[in-house]
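Tertiary structure, described
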Amino acid sequence: SFDPLDLDIDITPARIYKALEDGELLEALLMGLRLNEIDVMRAVYERTPTKEITGLARAIPEVYLKRMLELVVSQVNASPHVEFHLCWAESLLLNHGNTIMANRSQYTATLRALHMAFSNQFKDVAKLCNSNHYSLAFLTASAEFSNQE
């Protein structure tokens, strides 16, 4: 939810993008979470190098944890970059697991949504793998049949 008390005059989308360009990922992420504008948060999220995710997840304050998890859920549902989203989810859950467990009722709906989003991704990947498996089996059998003739 939007909290105008957490904003100051310096937090603007332009400043966030500038921080992102300058490589100040944590500052850009925190300003994006404060501003709570989905397009800005998505831009910071997507431009984060995988090797930086763990450090950023560790540095996210508790007050923005739920918002960040909700962002991951929205991105899992909107983007095919499964491994990237798994890195974010894993880092957030491992680094903030105690907070989440201490405030279970506050995070239940978000965690359920995260689980459902990844379950849907898993189903999609499983269908693709099964399809590829049967295609490969057909091609292998076809090649063997051709070689016998």
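Quick summary incoming for the structure in this document.

About the cut-offs
- Residues numbered from 1 in each chain as written.
- Predicted model: local features only at pLDDT ≥ 70, side-chain atom pairs only at ≥ 80, totals over all residues.
- Heavy atoms only, no water.
- Salt bridge = Lys/Arg side-chain N within 4 Å of Asp/Glu carboxyl O.
- Helix = DSSP H or I, 4+ residues; strand = E, 2+ residues; numbered from the N terminus.
- Buried < 20%, exposed > 50% of the residue type's maximum accessible area, 1.4 Å probe, protein only.
- Patch = residues over 30% accessible without salt bridge, like charges linked within 9 Å, V, L, I, M, F, W, Y side chains within 5 Å.
- Areas by Shrake-Rupley, 256 points an atom, 1.4 Å probe, with all protein chains shown as cover.
- Expected span 1.5 Å × (residues − 1).
- Contact = heavy atoms within 4.5 Å.

1. Quick look at the pattern of salt bridges
Taken as a whole and judged by the stated rule, the model has three salt bridges. Between glutamate 27 and arginine 15 there is a salt bridge; the shortest N-O distance is 3.1 Å. Residue glutamate 27 is located in helix 2 (residues 25–35), and its partner arginine 15 is located in helix 1 (residues 13–21); the two are separated by twelve residues in the primary sequence. Residue classification places glutamate 27 among the partly exposed positions, given a relative accessible area of 30%. The class of arginine 15 is partly exposed, set by a relative accessible area of 36%. A salt bridge links aspartate 39 to arginine 42, with the shortest nitrogen-to-oxygen separation between them at 3.1 Å. Taken as a pair, aspartate 39 and arginine 42 lie in helix 3 (residues 38–46) at a separation of three residues, close to a single helical turn. Classification of aspartate 39 as partly exposed rests on a relative accessible area of 46%.

2. Regarding a nonpolar patch on the surface
Taken together, the side chains of Leu136, Phe138 and Leu139 define a hydrophobic patch exposed on the protein surface, amounting to about 350 Å² of accessible area. Structurally, leucine 139 can be placed in helix 7 (residues 104–148). Given the relative accessible area of 53%, leucine 139 is considered exposed.

3. Here we look at helix 5 (residues 62–78)
For an α-helix, the turn length of 3.6 residues means that residues three or four places apart are oriented alike. With 17 residues, helix 5 extends 25 Å from end C-alpha to end C-alpha; this agrees with the ideal 24 Å at 1.5 Å per step. Along helix 5, the positions that sit buried rather than exposed are Tyr64, Leu65, Arg67, Met68, Leu69, Leu71, Val72, Val73, Gln75 and Val76. Buried residues in helix 5 make contact with helix 2, helix 3, helix 6 (82–102) and helix 7.

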